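The primary structure of each chain is shown beneath.
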Amino acid sequence: MAAKKRYPTKYPGVFYREVDRVGAPGAERMYYVAFKRDGKLIEAKVGGQYRNDMTPARAAGVRADLIAGKQLTRKEQREQARQAALEEQTRPTMTKLWEAFRAAKQGNRSLRDDISRWKNHLEPVFAGKTPDEILTLDVDRLRLRLTKNGMAPATVKQVLVLMKRIINHSIKRGLCPAIDPSRLHFEMPKINNETTEDLSPEQLARLLKAIDSAADWRAAGLLRLAMFTGMRRGELLGLKWDDIDLRQGFIRIVNPKGGKDASIPLNRQAQLTLMGLPRAGSEYVFPGRGGGKSSDLKNPVAAIKKAAGLPPDFRPCHGLRHFFASTLASSGKVDLHTLQRLLTHKSPQMTQRYAHLRDEALKTASSVMDDVFRKQG
């Protein structure tokens, strides 16, 4: 199709063509400007006589702005918008990095908790930001807000650790550039890791009675095994019958808290507990729906805790793990290295919290000599 005729105006570099009027009969003038940029001739449409209320004088003003770089041509505006859309698609926002992290961590025991931490605490604040747009101040504000809202320091730390894990995972896989540590630093809340949960003889008696009368055999068996082995909740929920060797008296713990597979011995009470459990047609010792892996026994375990009248802050599985460790340490018969292996701790520092209990037991044993000589006197 031949180009429409160009009509000059009295303004240099401004001309128009006649085109059909939109929404009304007749024609209108469509104004164009011509100018040079970097030695290249550019012609650009600037607007219609009626649809944009364009005049030769206004077109000349637009031309002056285009020459001065104060305005972009429509073609340049479209290209700029296209580039912006492309950059937005490839922009490494925390939402995109989280989705990649979540996909890579499918099957991890902690993923369910990580999803909750992301949805409730990280997504509302950082969803559309990229790591290089986040400052230490932003992380500090989140930490202080969560603390002010009554969240426990250990839980606040888990939220911040998740954010750090998402970023580090993305950096390692080239999904985002490395962050500048002078701009983004994670200060974790201080946690008293020396706290141990224990049971008094009276509380233990009430708990055993509540376990014996519990309606849910899985929750009752899970708490008994936690008490007699010190295994973690996740390890108990994932325990399979194939992991148990009753004849040799060992349990194989698969991937204990991210560490190497380990085997721990079964004492007589743990063996009796396992022998008293039904197989229930599942490969799992404490199966969930349809015989698959149980994700949680929170409600039936809470019912046992309530029936035993245990303190509100006592965490049944975690507390019984501490009870197991404290009982062994207090006996004076178990050294810390052995206790570390029984608890499948990666480092002795985690087991060190029980050192004072063992020391007290040894002091008590040593004081027997005082009693002997006191009688001689």
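Structure shown above.
Description of the structure in this document.

**A look at the sheet that holds strand β3 (residues 27-37)**
Strand order in this open sheet of four strands is β1-β2-β3-β4, and the pairing throughout is antiparallel. This sheet does not close on itself; its edge strands, each paired only once, are β1 (7-8) and β4 (40-48). Sheet analysis places β1 next to strand β2 (residues 14-20), joined by two bridges and oriented antiparallel. Bridge pairing in β2 links P8 to F15.

**Focus on helix α3 (residues 94-104)**
Of the residues making up α3, those classed as buried are M94, L97, W98 and F101. Buried residues along α3 cover an arc of 100 degrees about the axis, so they all sit on one side. Contact partners of the buried residues in α3: α4 (111-126) and α6 (153-172).

**Some thoughts on the side chain of T130**
Summarising the element assignment, T130 is placed in the loop between α4 and α5 (136-148). Engagement of the side chain of T130 in a polar contact is seen with the side chain of D132, the distance being 2.3 Å. In contact with T130, not counting residues within four places along its chain, are R91, P92 and T93.

**Quick notes on the nonpolar core**
Within the largest apolar cluster, 36 residues are counted, with the highest numbers of intra-cluster contacts made by L207, L222 and I251. No other element matches the eight residues that helix α8 (residues 217-229) contributes to this core. Once residues within four sequence positions are removed from consideration, L222 is found in contact with L236, L237, F286, L297, V301 and C317. Residues L142, L146, L162 and I166 belong to the second largest nonpolar core, which totals 22 residues.

**Some details on the environment of L111**
Within the element layout of this structure, L111 appears in helix α4. What makes L111 buried here is its relative accessible area of 7%. Sequence separation of L111 and F101 is 10 residues, and the distance between their C-alpha atoms is 9.9 Å. In this structure, L111 is in contact with R102, K105 and Q106, ignoring residues within four places of it in sequence.

**So, the pattern of salt bridges**
Going through the model one piece at a time under the given rule, you end up with 17 salt bridges. R143 is the salt-bridge partner of D140, the closest N and O atoms lying 2.8 Å from each other. You can see D140 and its partner R143 sitting in helix α5, three residues apart, about one turn around the helix. Given the relative accessible area of 18%, D140 is considered buried. Look at R143 and you get buried, because its relative accessible area is 12%. Linked through salt bridges whose partners overlap, the residues forming this network are D114, R117 and R165.

**A look at the environment of E235**
Take E235: it is sitting in helix α9 (residues 233-237). Judged by its relative accessible area of 4%, E235 is buried. Spatially, the C-alpha atom of E235 lies 6.8 Å from that of I253, the residues being 18 residues apart in sequence. If we skip the residues at most four places from it in the chain, E235 touches R109, I253, P256, K257 and T344. Here the side chain of E235 touches R232 through a polar contact of 2.5 Å, side chain to side chain.

**Side note on the packing of helix α7 (residues 201-212) against helix α11 (residues 298-308)**
The N-to-C vectors of α7 and α11 enclose an angle of 130 degrees; their axes lie 8 Å apart at closest approach. Judged by the angle between their axes, α7 and α11 are oblique. For the element pair α7 and α11, the recorded crossing hand is right-handed. Judged by residue contacts, R206, L207, A210 and I211 of α7 engage I304, A307 and A308 from α11. Within the contact of α7 with α11, the residues separate by chemical class into six nonpolar, no polar and one charged.

The rules we used
Residues numbered from 1 in each chain as written. Predicted model: local features only at pLDDT ≥ 70, side-chain atom pairs only at ≥ 80, totals over all residues. Heavy atoms only, no water. Pairing = 2+ DSSP bridges. Helix = DSSP H or I, 4+ residues; strand = E, 2+ residues; numbered from the N terminus. Buried < 20%, exposed > 50% of the residue type's maximum accessible area, 1.4 Å probe, protein only. Arc of directions from axis to C-beta. Contact = heavy atoms within 4.5 Å. Polar contact = N/O pair within 3.5 Å; in protein donor to acceptor, adjacent residues only side chain to side chain. Core = buried A, V, L, I, M, F, W, Y, C linked by side-chain atoms within 4.5 Å. Salt bridge = Lys/Arg side-chain N within 4 Å of Asp/Glu carboxyl O. Axes fitted to C-alpha atoms, helices over the stretch in contact; angles between N-to-C directions. Parallel < 35°, antiparallel > 145°, perpendicular 65-115°, else oblique. Left-handed = near helix turned anticlockwise from the far one by under 90°. Nonpolar A, V, L, I, M, F, W, Y, C, P; charged D, E, K, R; others polar.

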